[in-house]
Amino acid sequence: MEALVLNDVRKSYGNREAVHGISLTVHEGEIFGLIGHNGAGKTTTLRMISTLLRITSGSISVYGHDVATEPDEVRKIISYLPEDAGAYKDLTGRAYLEFMASFFASGAEKEAMVQKGIELADLGDRIDSKVDTYSKGMMRRLLIARAIMPSPRLAILDEVTSGLDVINSYEIREIIRNIASTGVTVVMSSHNMFEVDMLCDRVGMIDQGNLILLGTPAELKAEYGVDTLEEVFVKAVRG
Amino acid sequence: MSHMTSIIRKEVRELLTPGSVISVLVMVVLFAGLGGLIGGEVDSAAELPQFGLIVEEGEYTDGWDPAQILYDAYGEENASKIVIMDSTCGSSDSEIISEMQEKGLVSAIALPDKESFSESMASQTQISVKQYYLYQPTGLFGSVGSTIMSSVVSILSSSLSQLLVAGESGDVNYQFIMNPVGTAGDDINTIVDGAMHSGITPYDISNEVTSQTLMIPIVIMIIIMMVGSIVISSMGSEKENKTLETLLTMPIKRTSIVSGKIVAAAIVGLVYGLAYMLGMSIYMGAMTGTISGSTSVSLEDLGMALDAADWALVMVSMFLSIVCALGICMILGAFAKNYKSAQTMTMPLSILAMIPMFIVMFTGWYGAGGAIQAITFAIPFSHPMMAMPALMYGDVTLVLGGIAYMAVFALVSILITVRLYNSDILITGIGQNKYVQKLTGRK
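Residues numbered from 1 in each chain as written. Chains lettered and ligands numbered in written order. Predicted model: local features only at pLDDT ≥ 70, side-chain atom pairs only at ≥ 80, totals over all residues. Heavy atoms only, no water.

*Asks:* Would you explain the pairing of strand 7 (residues 188–192) of chain B in this entry?
*Replies:* Every regular strand shows the same layout, with side chains that alternate between the two sheet faces. Residue and element names in this part refer to chain B. With five of five residues buried, strand 7 lies mostly within the body of the structure. A two-sided burial pattern is seen for strand 7, the buried positions comprising Ile188, Thr190 and Val192 on one face and Asn189 and Ile191 on the other. Pairing of strand 5 (residues 130–134) with strand 7, which is carried by four bridges, proceeds in the parallel orientation. Across the sheet, the residue bridging to leucine 134 is isoleucine 191, located in strand 7. The antiparallel hairpin formed by strand 7 and strand 8 (residues 195–198) contains two residues in its connecting segment, where aspartate 193 sits at a positive phi of about 50°. (Buried < 20%, exposed > 50% of the residue type's maximum accessible area, 1.4 Å probe, protein only. Helix = DSSP H or I, 4+ residues; strand = E, 2+ residues; numbered from the N terminus. Pairing = 2+ DSSP bridges.)

*Asks:* Which parts of the structure should I look at to understand the environment of Ile359(B)?
*Replies:* Secondary-structure assignment places Ile359(B) in helix 13 (residues 339–362). Classification of Ile359(B) as buried rests on a relative accessible area of 6%.

*Asks:* I tried to follow the environment of Ile82(B) on my own but got confused; where do I start?
*Replies:* Residues and elements named next belong to chain B. With respect to the helices and strands, isoleucine 82 occurs in strand 2 (residues 82–84). When its relative accessible area of 5% is taken as the criterion, isoleucine 82 is described as buried. Sequence separation between isoleucine 82 and methionine 354 is 272 residues; the distance between their C-alpha atoms is 39 Å. Those residues within four positions of isoleucine 82 in sequence are excluded, and the remaining contacts are Phe51, Leu53, Leu70, Tyr71 and Tyr74. (Contact = heavy atoms within 4.5 Å.)

*Asks:* Which parts of the structure should I look at to understand the environment of Leu164(B)?
*Replies:* Residues and elements named next belong to chain B. With respect to the helices and strands, leucine 164 occurs in helix 6 (residues 145–167). Residue leucine 164 is classed as buried on the basis of its relative accessible area, which comes to 12%. Taking C-alpha positions, leucine 164 is 8.9 Å from proline 180, a pair spaced 16 residues apart along the chain. The contacts of leucine 164, once residues within four sequence positions are left out, are Met121, Phe176, Ile177 and Pro180.

*Asks:* Sorry if this is basic, but what is going on with the packing of aromatic side chains here?
*Replies:* Residues and elements named next belong to chain A. The tally for this structure, following the rule as stated, stands at six aromatic pairs over all chains. Here phenylalanine 99 and phenylalanine 103 contribute two aromatic rings whose centre-to-centre distance is 5.0 Å and whose plane-to-plane angle is 80°, an arrangement assigned as edge-to-face. For phenylalanine 99, a relative accessible area of 32% translates into the label partly exposed. A residue is classified by how much of its surface remains accessible, and phenylalanine 103, at 24% relative accessible area, is partly exposed. Joined through ring pairs, the aromatic side chains of Tyr88, Tyr96, Phe99 and Phe103 make up one cluster. Sitting over the face of the ring of tyrosine 63, arginine 153 holds its NZ or CZ atom 3.9 Å from the ring centroid. (Phe/Tyr/Trp six-rings, centres within 6.5 Å; stacked < 30°, edge-to-face > 60°. Lys NZ or Arg CZ within 6 Å of the ring centre and 35° of its normal.)

*Asks:* Please clarify how the side chain of Thr376(B) should be interpreted in this entry.
*Replies:* Among the structural elements, Thr376(B) can be located in helix 15 (residues 370–378). Residues contacting Thr376(B), with those up to four places away along its chain left out, are Ile359(B), Trp365(B), Ser382(B) and Met386(B).

*Asks:* I keep staring at the interface of chain A and chain B and nothing clicks. Help me out?
*Replies:* A common measure of how large an interface is: the accessible area buried when the components associate. In this complex, chain A contributes 30 residues to the contact, which on the side of chain B involves 22 residues. Across the chain A to chain B interface the summed buried area is about 2400 Å²; carbon plus sulfur atoms make up 56%. Sorting the residues of chain A by area buried against chain B places Leu52(A), Arg75(A) and Tyr88(A) first, and these three jointly supply 24% of that buried surface. Between the two partners, chain A and chain B, sit four salt bridges. The interface formed by chain A and chain B contains eight residue pairs in polar contact (both at pLDDT 80 or more). Elements represented by at least two residues in the side of chain A that touches chain B include exactly strand 1 (4–13), helix 2 (71–77), strand 6 (78–81) and helix 3 (93–101) of chain A. For the side of chain A that touches chain B, the class distribution of residues is 14 nonpolar, five polar and eleven charged. (Buried area = accessible area lost by both parts, 1.4 Å probe. Salt bridge = Lys/Arg side-chain N within 4 Å of Asp/Glu carboxyl O. Polar contact = N/O pair within 3.5 Å; in protein donor to acceptor, adjacent residues only side chain to side chain. Nonpolar A, V, L, I, M, F, W, Y, C, P; charged D, E, K, R; others polar.)

*Asks:* Looking at this structure, I do not really get the sheet that holds strand 7 of chain B. What am I missing?
*Replies:* Working definition: the strands of a sheet are paired by backbone hydrogen bonds and lie parallel or antiparallel to each other. Residue and element names in this part refer to chain B. Judged by pairing direction, the sheet is mixed, and its six strands sit side by side in the order 2-1-3-5-7-8 without closing on themselves. Only two strands of the sheet have a single partner each, and these edge strands are strand 2 and strand 8. Each strand of the sheet is rotated relative to its neighbour by a mean of 25°, with strand direction disregarded. Relative to strand 5, helix 4 (residues 93–103) is tilted by about 45°, and along the sheet it contacts strand 1 (51–54), strand 2, strand 3 (107–110), strand 5, strand 7 and strand 8. (Axes fitted to C-alpha atoms, helices over the stretch in contact; angles between N-to-C directions.)

*Asks:* Which parts of the structure should I look at to understand a nonpolar patch on the surface?
*Replies:* All names here are of chain B. A cluster of nonpolar side chains, namely Met4, Ile8, Val12, Leu16, Val21 and Leu25, defines an oily patch on the protein surface of about 570 Å² accessible area. Put simply, the parts of the chain that give the nonpolar patch at least two residues each are helix 1 (3–15) and helix 2 (18–46). Per element, the largest residue contribution to the nonpolar patch is three residues, and it comes from helix 1. Mapped onto the secondary structure, isoleucine 8 falls in helix 1. (Patch = residues over 30% accessible without salt bridge, like charges linked within 9 Å, V, L, I, M, F, W, Y side chains within 5 Å. Areas by Shrake-Rupley, 256 points an atom, 1.4 Å probe, with all protein chains shown as cover.)

*Asks:* Teacher, can you tell me more about the sheet that holds strand 2 (residues 16–26) of chain A here?
*Replies:* All names here are of chain A. Taken in spatial order, the four strands make up an open sheet running 2-1-4-5, and their pairing is antiparallel. Strand pairing shows two members of the sheet lacking a second neighbour, strand 2 and strand 5 (65–66), which therefore form its edges. As paired strands, strand 4 (residues 57–62) and strand 5 are joined by two bridges and run antiparallel to one another. Looking across to strand 5, one finds that valine 62 is bridged to histidine 65. Helix 1 (residues 42–49) rests against strand 1, strand 2 and strand 4 of the sheet, and its axis sits at about 115° to strand 1.

Encoded structure:
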């Protein structure tokens, strides 16, 4: 079964169409990168997959569940991490993970889930500090841990390393690699072409709401006769 | 342009948003309207009320005709305010009250018959005029009419006093001459809910009711504004931090998210409310105890004291009004882009809380006209403000009706909120809505 299937997906805001009929498939266990410049339609697409925005036309299915007609089933198997997301500032990191885990499990199962989250966040003693005392990197690690701890089948990560320093970015990429190795499918967006090149099995490029490129990083680089994904991006956008 | 001028211009532009200007204009209109309302209420309270007069025809003593004296005192334009009743000086209290009810009179005075008058004059004892009132619950100024009745007695007294002073010689009882007509405490009869109570006027009752209920509208308004601000700000903050986006992708029903937020805030609001009421009742108790020494009216004796069931209704009414406020806040908060924009969203709620507070405090539900009653009833926050006085007057129907209305209002607002939570507006804001785009011409 395919992890994610988008079939001629369109999204309109009033009279403006932001996504123009995107079709793509993401295989189970794959890390799929969605790239494109600001306002291209990446976040809108990720939000439609995450059940946050309604699809104007077309369809999206996650592990066979239709996003429009079975949103509750989809929400049970996905985990979405928005760009620049925060957490409840009055809670400690541990309390935040406990709060989020309570939506997926109870009792011993919940305890195990929280423990997994604490290990993934790797914040040491600071897991018991209030969230509003965390640095951006610590916050992102906590949120990644929150997204991964319920063992979703599909993790949707929007600009997950945006604004982070080298070490934090590296550590988060390691976490993504590790979760993908356990069979979790990852769909992520990023402006960091180096990161996408290193992490993603396949890449889709969106420009003005259209999917203009789809393939492995190696295939795309070969197609454009360049050495980096960044050059592919520039050539594709500039025509 | 200096640096400071640039900063001032930028700050003014940021602070004077269309939303804030509209809010100020609405407040001006609101206060102007309330000024008119209060002015009208004061005017109508100051106006001589129509009252019944029970008196024997003609002069009681040489040159002293009570009916004529009152006609002369109030002038031709107010002659219709004095209604000569069919009851006679010998009629029983119940006969007089029946006639008052029949003729729609809320107050009446009864002079003694000529024989009793002569006896009092001969013995130089004060001539007692009886006062009758049908108690009607009104606003802050509505019971002023009962003090005007006392002035009617004073007019009769001073006119007779002048007559006596002019013709008096020899041994004089100055106390009698200075105040020949009056009303003994027991001759003041006020009918409350069909039962007659002596020695108290509607003014006394109104004072006691007001002293016990005046703080309620203020407390309710403070709670509504405070809880509303907390919830709208929390919504703005959740949007800004994108914690709401995260929550909405969790396997939780939208109704659970909305109801959970509303119930939690309502419980907090109720706790705040009880704390405020306790604090204010201690404050008011200290004020009335120190300044006026509390009135002699016992609401318990009048059958107007609240029992446990009444208090339970007041609490239910207060809780539901908070839920309604939160429902409105959740709807308004759905349109907030961030924490800052959420702050301006509280203005409509504040206005909605202030309107019933002023109406209930100044005219009261029972003293308001039909249109104002309709507006007051439609605003859910009015109901806990009106609940205590309504229950004191035994008007359980109004309170239960209010509770039923608020329950429906709360349910509808929760359903609208759930619908908004299922729509794109929560994520994209109102600007991306096609109807708003049509309206503003934006894309």
